[in-house]
Structure formats: structure tokens, C-alpha cells
Amino acid sequence: MNTISNKSFNSKPLDSRPLNSRPFSSRPAHARGLYLITPDDCDTASLLARVGEVIDQAALLQYRNKAADAALRRAQADALKTLCVRAGVPLIINDDPELALASGADGVHLGEDDDGIAAARSLLGDSAIIGVSCYDDIDRAAQMAAAGADYLAFGAFFPSTSKTTTRRATPALLGEAGALGLPRVAIGGINADNAPALVAAGADLIAVIGAVFDAPDPRAAARALRQAFVA
């Protein structure tokens, strides 16, 4: 079974301890928190301001911008890496191992249409965090775990305005995936109202875009989402 205890993959504790005070490991109890995904904002100054307001609430930050060209994506990834280093939050790049390498990001998130884990691991090294989308498919999750994934993401659990998908994961899938021994990420239409049920079902991290970045008060929204992890 893959272990990631030696990686720069930290959980955000729900008290005053610093972000990196507890190492992320393959034990789900150490993988609890808010997984922020950036909005599609092509104004880099605006993006940094929006992320900077809430970064201290995050366990992980994923850079995802489908609207940006390659040059802008590189500039934004570089800027977010600096912000994440200051905050002690690992930066994950969506879909693009080459950009993760160039920007010095901590890892990459792969979908089913991206190159596989082996190629990303060869490029980024053993210390990289490699997460994968498993959608509603426990068999894919088992295959990705065996291939060396560091976390498994499931969804969408609820309708989402950020990404159109017909796949619907169920809370029971999170419990079933617990046997794989890797952190489980829930994504898709999650907000402060429905997050607690997913955490209770076994989600170790909850991934959001709009629930934070489209909220009237993003910081308050992030804090409310983190409350799902308070026993």
C-alpha cells in the first residue's frame, strides 16, 4: 500500500496549531480538511487576492483554470506557489504534470483523460502528491490505489455549477473506498449544509470552488466548511 507520510502533504488542524504541524499520511484520520480549487480568474492579481483571503483555511490548494492560455497558467501557477509556500499549504496542479514540474508545485491531480500515474511519477518524482479522479467508480479507485495514487477523489455528489457531469457518486462509496487506505476527497456541489454528511460517510477532504469563491463572504464560507470536520 502506498504511503505518503514523507510528503509535503499537510492537513490544516482545526485549532491554532500551524498548518504544517501534522504530517499528512495514509491514515485517513490525518487527512481531514478543506481542499480549495481555484476559480477561473484570468486576472492574476485578483486571483491571488481571492486565494490569499482564504488560504489559511485550506489543507490543499489546487490550481485549475480552463480559461487561461499556457503563458498565463504558468504565471499564475508560479504566483500561487509563492503564496502557498508562505502559507504552508501544498499546491496541486490540475491535469498538467509539466506545469507542476515547471512551477515547483507539490503535485498534480489527474483525470481519466490525462496521462497515467506512472508517467506523472516519473516526471515529478517520488515525493510528489498525485491525486486522481475516480468519479463514481470503486473499481477505478482500486486500480489507481494499486498504481500509486496518493489520494482518491469521488464525485460529483451534488449538482455543480463549476463542472458539468452526469456521474453521481453516493456517500456509501466513500465508506467502501475506506478499505483502500488512502485519503478520500469528495467533490461536486458541496457546501456547508451538505458537507457534514459526506464527512460522516468517510470523506477526508472536501473539495470546493464556488461554495467559497462565489460566496458573499469567502472567508466565512471557508470557515463554515471546515466546521464539518469538527467532531
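Residues numbered from 1 in each chain as written. Predicted model: local features only at pLDDT ≥ 70, side-chain atom pairs only at ≥ 80, totals over all residues. Heavy atoms only, no water.

1. Here's the deal with the pattern of salt bridges
- Going through the model one piece at a time under the given rule, you end up with nine salt bridges.
- A salt bridge links Glu 112 to Arg 167; the shortest N-O distance between them is 2.9 Å. Taken together, the residues Glu 112 in the loop between β4 (107–110) and α4 (117–124) and Arg 167 in the loop between β6 (151–154) and α6 (171–177) connect sequence positions 55 residues apart. (Salt bridge = Lys/Arg side-chain N within 4 Å of Asp/Glu carboxyl O. Helix = DSSP H or I, 4+ residues; strand = E, 2+ residues; numbered from the N terminus.)

2. A few points about α4
- By the burial criterion, the buried members of α4 are Ile 117, Ala 120, Arg 121 and Leu 124. When α4 is viewed along its axis, its buried side chains cluster within an angular range of 100 degrees and face the same direction. Among the exposed residues of α4, those oriented more than 90 degrees off its buried face are Ala 118 and Ser 122.
- Just beyond α4, the residue with positive phi is Gly 125, at close to 95 degrees. (Buried < 20%, exposed > 50% of the residue type's maximum accessible area, 1.4 Å probe, protein only. Arc of directions from axis to C-beta.)

3. Describing the confidence of the model for the chain
- Mean pLDDT over the chain: 88, with 84% of residues reaching 70 or higher.
- Segment residues 11–29 is flagged for pLDDT under 50; beyond a separation of four residues in sequence, or across chains, it makes 56 contacts in the model. (pLDDT = per-residue confidence, 0-100. Contact = heavy atoms within 4.5 Å.)

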